[in-house]
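Report on the structure
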Amino acid sequence: MPNLARIRATRPLERVPNPGMLAEVAAGLAAPQKELSPKYFYDQRGSELFEAITRLPEYYPTRTERALLEGWMPELMAQLGTRTLIELGAGNAEKSRIILDAMRATGLAELYVPIDVSATFLSLTAAQLRREYPGLTVEPAIADISVELNLPRRMPRPALFAFLGGTIGNFYPPAAIRLLARVRAAMEPGDRFLMGVDLRKDIARIEAAYNDSQGVTAEFNRNMLLVLNHELGADFDPAAFEHRAFYDTVAHRIEMHLVSSRDQVVEIPGLGPVAFTAGESIRTEISAKYDRASVSALFDAAGLRIEAWPIDPATPFGLVVGAPA
Ligand code: SAH
Ligand code: AVI
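In this report, we go over the structure that sits alongside the text.

Rules and cut-offs
- Residues numbered from 1 in each chain as written.
- Chains lettered and ligands numbered in written order.
- Predicted model: local features only at pLDDT ≥ 70, side-chain atom pairs only at ≥ 80, totals over all residues.
- Heavy atoms only, no water.
- Helix = DSSP H or I, 4+ residues; strand = E, 2+ residues; numbered from the N terminus.
- Buried < 20%, exposed > 50% of the residue type's maximum accessible area, 1.4 Å probe, protein only.
- Contact = heavy atoms within 4.5 Å.
- Near = heavy atom within 4 Å.
- Polar contact = N/O pair within 3.5 Å; in protein donor to acceptor, adjacent residues only side chain to side chain.
- Areas by Shrake-Rupley, 256 points an atom, 1.4 Å probe, with all protein chains shown as cover.
- Nonpolar A, V, L, I, M, F, W, Y, C, P; charged D, E, K, R; others polar.
- Pairing = 2+ DSSP bridges.
- Axes fitted to C-alpha atoms, helices over the stretch in contact; angles between N-to-C directions.
- Parallel < 35°, antiparallel > 145°, perpendicular 65-115°, else oblique.
- Left-handed = near helix turned anticlockwise from the far one by under 90°.
- Salt bridge = Lys/Arg side-chain N within 4 Å of Asp/Glu carboxyl O.
- Right-handed = clockwise from strand over helix to strand, strands pointing away.

The next point concerns the side chain of Ser 96. Mapped onto the fold, Ser 96 is located in helix H4 (residues 96-106). For Ser 96, a relative accessible area of 1% corresponds to the buried category. Setting aside chain neighbours within four positions, we find Ser 96 in contact with Leu 85, Glu 87 and Tyr 112.

A separate point is the site of ligand 1. Around ligand 1, the surrounding shell holds 17 residues, and the nearest of these are Gly 89, Lys 95, Asp 116, Asp 144 and Ile 145. Contact between ligand 1 and Asp 144: a nitrogen atom at 2.9 Å from a side-chain N or O atom of the residue. Surface burial for ligand 1 is 94%, taken as the share of its 560 Å² of free accessible area covered by protein chains. The residue inventory of the shell around ligand 1, partitioned by class, reads 7 nonpolar, 5 polar and 5 charged.

This part is about the sheet that holds strand E12 (residues 281-288). Read from one edge of the open sheet, 4 strands run E1-E12-E9-E8, paired in mixed fashion. The open sheet is flanked by strand E1 (34-35) and strand E8 (241-248), the only strands paired with a single partner. Bridge count between E1 and E12: 2 bridges; the pairing is parallel. Across the sheet, the residue bridging to Glu 35 is Arg 283, located in E12. Contacts from helix H8 (residues 216-232) reach E8, strand E9 (253-260) and E12 within the one sheet, and its direction differs from that of E8 by about 115 degrees.

Moving on, we come to the site of ligand 2. Around ligand 2 there are 14 residues in total, and Tyr 59, Asn 170, Tyr 210, Glu 285 and Ser 287 lie nearest to it. A distance of 2.9 Å separates an oxygen atom of ligand 2 from a polar side-chain atom of Asn 170. Within the side chain of Tyr 210, one N or O atom sits 2.5 Å away from an oxygen atom of ligand 2. Alone, ligand 2 offers 340 Å² of accessible surface; in the complex the protein occludes 97% of this. Looking at the shell around ligand 2, the elements that each hand over two or more residues are helix H2 (44-54), H8 and E12. Grouping the amino acids of the shell around ligand 2 by side-chain chemistry returns 7 nonpolar, 6 polar and 1 charged.

For the rest of this paragraph, the subject is the packing of H2 against helix H5 (residues 119-132). Two numbers describe how H2 lies on H5: the axes approach to 7 Å, and their chain directions differ by 60 degrees. Of the possible angle classes, the one that applies to H2 and H5 is oblique. Listed contacts from H5 to Gln 44, Ser 47, Glu 48 and Glu 51 of H2 are Thr 120, Phe 121 and Leu 124. For the contact of H2 with H5, the per-class residue count stands at 2 nonpolar, 3 polar and 2 charged.

The next thing to look at is the packing of helix H3 (residues 60-80) against H4. Axis separation between H3 and H4 bottoms out at 9 Å; the angle between their running directions is 25 degrees. On the basis of their axis angle, the class for H3 and H4 is roughly parallel. In the packing of H3 onto H4, the handedness of the crossing is right-handed. Packed against H3, whose contacting residues are Arg 66, Leu 69, Glu 70, Met 73, Pro 74, Met 77 and Ala 78, the element H4 presents Ile 98, Ile 99, Ala 102, Met 103 and Thr 106 at the interface.

This part takes up the pattern of salt bridges. This structure, assessed with the given rule, holds 22 salt bridges. Across the pair Lys 34 and Glu 280 runs a salt bridge whose closest N-O atoms are separated by 2.6 Å. One end of the pair, Lys 34, is in strand E1; the other, Glu 280, is in the loop between strand E11 (272-276) and E12, with 246 residues separating them in the sequence. Three or more residues joined by partner-sharing salt bridges are found here, namely Glu 35, Arg 253, Glu 255 and Arg 283.

Burial analysis of strand E3 (residues 111-116) places 6 of its 6 residues in the buried class, the great majority of the element. Going residue by residue along E3, you find Leu 111, Val 113 and Ile 115 tucked away on one face and Tyr 112, Pro 114 and Asp 116 tucked away on the opposite face as well. Across 5 bridges, strand E2 (residues 84-88) lies against E3 in parallel orientation. Residue pairing in the sheet places Thr 84 in a bridge with Leu 111 of E3. For the segment spanning E2, H4 and E3, crossover handedness is right-handed. For E3 and strand E4 (residues 137-138), the ladder comprises 2 bridges, and the chain directions are parallel. Opposite Leu 111, over in E4, you have Thr 137 as the bridge partner.

Written out as structure tokens, the structure reads:
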């Protein structure tokens, strides 16, 4: 059982500085369905809570993806001769080590570029990787990948761009296409794109993964309010919001919400009072689930083609290998 008390309180300045945050939050809270971007989950505490989620019995994506990577990376890295690994939303880079090990086995591994919005967590991840892989250059990039990738100027090729964990599902389709197109634009001939996608499956299984019995996902969800309090000086009371996660069978996605448990007014400096009625919610995340056709549509729109599609049929989750179209 994860010990939530050991995941210490949120502190400021642990994320990429974001001068546009107030305007973005203002627009999201002015919409008829209040909405905030899931990137605001991730300060140091949010990253640690996500790490705890990946170890929950109900949360199948991480361990399923890990097994797929273990099965496929040695052969894929030998085939591609990858020199640089660039990873979007790297987090603790736990599964990235499977790719890095396979790169190291070919003797060609030179550079690892983990990109993340969670600045402190990213620098701890990078320091740890430098210790574990002495011959590898690790150049972390702090960036909001919905805006830019912030890549180093020189990267030995061929490169592998990786986007693991099913994080693509946290982007609405237009933003997902823009993001993949940004990756495509950074690719050179011979580079490849590796993406983890959570696939459609039994709804009860998906809903259980976002409503864990230990309440870690609920705490992760509420962490967004602490991030807003620390970064914007807001006065959200996280205890006055309940976690709700449900599957939308038409849009094929989980939606996570924070539901106001009473009528309340929250003060956000520079924005003023924001009123919530009892039962009103903020949508904090979508997590879309795909099939081959929906991934193909995203790739087509971004100028990529699917080159390989290994999946785990027992717990449907896929690894997509993409190349420039
Ligand atoms: N790839 C890891 C972590 C997934 S959690 C895994 O598979 O386990 C999602 C990660 O993406 C977090 O580390 C979070 O900080 C990062 N992230 C979320 N939105 C982001 C954004 N807009 N820009 C950059 N990083 C982002
Ligand atoms: C990071 N991302 C892929 C996770 C997901 O499953 O959509 C975030 C998460 N939200 C709740 N649990 C995990």
